[in-house]
Amino acid sequence: MNAVPEETEKIMSCPRCEHTGIEQVAASPVEGVWTVHQCERCLYTWRSTEPARRTSPEHYPPEFRMTRADIDAAPPVPAVPPLVRR
Amino acid sequence: MPFDDLRSFLDALDSHGQLLRITEEVQAEPDLAAAANAAGRIGENAPGLYFDNVAGFTDARVALNTLGSWANHAIAMGMDPLTSTKDQVAEFIRRWDDFPVAPERREDAPWRENSVEGDDINLFDLLPLFRLNDGDAGFYLDKAAVVSRDPDEPEDFDKQNVGIYRMQVKGKRRLGIQPVPVHDVALHLRMAEEQGEDLPIAITLGNDPIITLMASTPLRYDQSEYEMAGAIRQSPYPVATAPLTGFDVPWGSEVVLEGVIEGRKRELEGPFGEFTGHYSGGHSMPVVRIDKVSYRTAPVYESLYLGMPWTEVDYLIGPATCVPMYKQLKADFPEVQAVNAMYTHGLLAIISTKKRYGGFAKAVGVRAMTTPHGLGYVKMVIMVDEDVDPFNLPQVMWALSSKFNAAGDLVQLPNMSVVALDPSSSPAGVSDKVVIDATTPVIPDDRGHFSQPVRDLPETPHWVAKLTRMLAAR
Ligand SMILES: [Zn+2]
């Protein structure tokens, strides 16, 4: 068996919305201590060393979870104003 | 000596024993936020916190809770750390009258030492970013002074705005920003978006304490935060020209980010644990693109923990909320003695006043709701007599318990405007408001039996002095 790093072996999913499109956005300056990941759908961002309640879909608190519908329904603040011709 | 930058303020905190340097290795999460959260749970004179050994980082310096106690607030104002809250607010009011003090331009800003542009920018590498609360969408910049200009009058110095707005780090050079509609940057953004344009902004991180206080103070649209900072610090405020936008930014900032709020674009932002002690929910908010970063060598990253009050944000915005409301009320009603609007950014305010005639205190309470800040915040006003100190909550509770009769002392106004972050508002941004009149009724309001108050004995002040002396001499 090839030695495949665990990171690439299992599919990572977003703790908050369970989307599987995840980008690594940073790695610790001291090599191998942590990585920072971001969900490309809901933009949730986390460090690999955070507690499971912030990093794992199984342990993520239900009250903070998000679905595609929640994201689409997020109200604009502030609303985009109409274009004004001068 | 006023502080021109964060570093000199940290040194002053240190010399007063008000800065804890934590040198043992900590985790970025949850240690940094938990420590700052704890600072708000260990008493009124909590120190600032300074970390320089964060796991995985080689070069991180993190300052937290720098303004998170009355002692630190007093040091920021150049006062004795033991000064009472009431006296700190009174001194703030006194200095306010020196406005405007013209800023001093100094172009040798230390943040000119280093810069990075365009796609070479990576905020995750430049700053030791970290999460504050469990439900936060990510890492936030929540103590930065954000500078923007009126797009129709970009040369008008007084309409240049400096404010603190929460920003979610969404990418190497991308932020989400929350411009609350009642704040000046939202006015600037609307003008730009109506023309289909981006709004240039400068975001300054790691600042001297006075500009942080001023950026949190609800000034009028055409009042310059820099000119007010000069008044409050009793010395011209040092500014320098940001290289990309040409905006005036603090001379002493640790880091200056420049770019634009991208016009007519919205994207999911949040939730974020807010000053209300509740999360904000997720909204679709504007997006910032960073085009240039300038920074001091070995920058200190400053952040602020907020959550269930009290936290640093309450100390930071408390006096800054009281003072303009006091000034605005006093201008119309000289009878007003003091304003304590320190509870949840002024959602609740306590006002002491003399009474001109029956019903007067209720009118003052309603007027507080129509001040610029009151429109979006003041949801409850407790009115107390001139001999009750609104900063002394046991006295306020005495007034409420003995003077207030719901039959005639409760004014309820339906469906008024309030900040949408108020979790009790329904729909968000709309709430009933109340004036709770705990003043003694005066003619022609003859309700109750208040003709025989028990007053402190005339000899008591003599004994206060005597006992204090005896205690001190033990
Ligand atoms: Zn997600």
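Residues numbered from 1 in each chain as written. Chains lettered and ligands numbered in written order. Predicted model: local features only at pLDDT ≥ 70, side-chain atom pairs only at ≥ 80, totals over all residues. Heavy atoms only, no water.

Visitor: Sorry, what's going on with the coordination of the zinc ion here?
Guide: Each angle at a metal carrying four tetrahedral donors should ideally be 109.5 degrees, and each at a metal carrying six octahedral donors should ideally be 90 or 180 degrees. Residues and elements named next belong to chain A. Summarising the metal site, the zinc ion is bound by the protein donors C14 (SG), C17 (SG), C39 (SG) and C42 (SG), whose distances to it range over 2.3 to 2.4 Å. For the zinc ion, the four donor atoms in the first shell make angles of 101 to 116° at the metal, so the coordination geometry reads as tetrahedral. Donor residues for the zinc ion, ordered by position in the chain, follow C-x2-C-x21-C-x2-C. Of this pair, C14 sits in the loop between helix 1 (6-9) and strand 1 (22-27) while C39 sits in strand 2 (residues 35-39), and the two are 25 residues apart along the sequence. Neither residue differs from the other here; C14 and C39 are each classed as buried. (Donors = N, O, S within 2.8 Å, 3.2 Å for Na, K, Ca; no water. Tetrahedral: all angles 85-135°; square planar, octahedral: opposite > 155°, others 65-115°. Helix = DSSP H or I, 4+ residues; strand = E, 2+ residues; numbered from the N terminus. Buried < 20%, exposed > 50% of the residue type's maximum accessible area, 1.4 Å probe, protein only.)

Visitor: Where do I start with the side chain of E312 of chain B in this structure?
Guide: Residue and element names in this part refer to chain B. Mapped onto the fold, E312 is located in helix 9 (residues 312-332). A polar contact is formed between the side chain of E312 and the backbone nitrogen of T66, at a distance of 3.4 Å. Dropping the residues within four chain positions of it, E312 is found in contact with L64, N65, T66, L67, G68, K143, S303, L304 and Y305. (Polar contact = N/O pair within 3.5 Å; in protein donor to acceptor, adjacent residues only side chain to side chain. Contact = heavy atoms within 4.5 Å.)

Visitor: Looking at this structure, how should I read the packing of helix 9 of chain B against helix 10 (residues 360-369) of chain B?
Guide: Two quantities define a packed helix pair, namely the angle between the axes and the distance from one axis to the other. All names here are of chain B. Contact pair helix 9 / helix 10: the axes reach a minimum separation of 10 Å and the direction vectors enclose 130°. One way to sum up the angle between helix 9 and helix 10 is to call them oblique. Crossing of helix 9 over helix 10 shows right-handed handedness. The segment helix 9 lies against helix 10, with M325, L329 and D332 engaging V364, R367 and A368. (Axes fitted to C-alpha atoms, helices over the stretch in contact; angles between N-to-C directions. Parallel < 35°, antiparallel > 145°, perpendicular 65-115°, else oblique. Left-handed = near helix turned anticlockwise from the far one by under 90°.)

Visitor: Which parts of the structure should I look at to understand the packing of helix 4 (residues 85-96) of chain B against helix 8 (residues 225-233) of chain B?
Guide: Residue and element names in this part refer to chain B. Orientation of helix 4 relative to helix 8, taken along the N-to-C sense of each, is 120°, at an axis distance of 8 Å. When the interaxial angle is binned, helix 4 and helix 8 end up oblique. Crossing of helix 4 over helix 8 shows right-handed handedness. On helix 8, the residues touching F92, R95 and W96 of helix 4 are M228, A231 and I232. Here the contact of helix 4 with helix 8 is built from residues that sort into five nonpolar, no polar and one charged. (Nonpolar A, V, L, I, M, F, W, Y, C, P; charged D, E, K, R; others polar.)

Visitor: How should the pairing of strand 14 (residues 255-261) of chain B be read in this particular structure?
Guide: Residues and elements named next belong to chain B. For strand 14, the tally of buried residues reaches seven of seven residues, placing the bulk of the element in the interior. Strand direction decides the pairing type here: strand 11 (residues 199-205) and strand 14, joined by seven bridges, are antiparallel. Its bridge partner lying in strand 14, L199 is registered against I261. Two strands pair when backbone bridges link them, and strand 14 and strand 17 (residues 287-295) are joined in this way by seven bridges, in the antiparallel orientation. Residue pairing across strands places I261 opposite V288, the latter belonging to strand 17. (Pairing = 2+ DSSP bridges.)

Visitor: For this particular structure, what's the right way to read a nonpolar patch on the surface?
Guide: On the surface, W463, L467 and M470 of chain B cluster together to form a nonpolar patch covering roughly 330 Å² of accessible area. Note on placement: L467 of chain B falls in helix 14 (residues 460-473). (Patch = residues over 30% accessible without salt bridge, like charges linked within 9 Å, V, L, I, M, F, W, Y side chains within 5 Å. Areas by Shrake-Rupley, 256 points an atom, 1.4 Å probe, with all protein chains shown as cover. Salt bridge = Lys/Arg side-chain N within 4 Å of Asp/Glu carboxyl O.)

Visitor: Mind showing me how you'd approach the sheet that holds strand 19 (residues 336-343) of chain B here?
Guide: Each strand in a sheet pairs with its neighbour through backbone hydrogen bonds, running either in the same direction (parallel) or in the opposite one (antiparallel). Residues and elements named next belong to chain B. Overall, mixed pairing links the five strands, which are arranged 19-20-21-23-22 in an open sheet. Each having just a single partner strand, strand 19 and strand 22 (410-417) make up the two edges of the open sheet. When strand polarity is set aside, the average angle formed by the axes of neighbouring strands in this sheet is 15°. As paired elements, strand 19 and strand 20 (residues 348-353) share five bridges and run antiparallel to each other. Each bridged residue has a counterpart across the sheet, and for Y343 the counterpart in strand 20 is L348. On top of the sheet, helix 10 reaches strand 19, strand 20, strand 21 (380-385), strand 22 and strand 23 (430-438); it is set at about 150° to strand 23, its chief contact.

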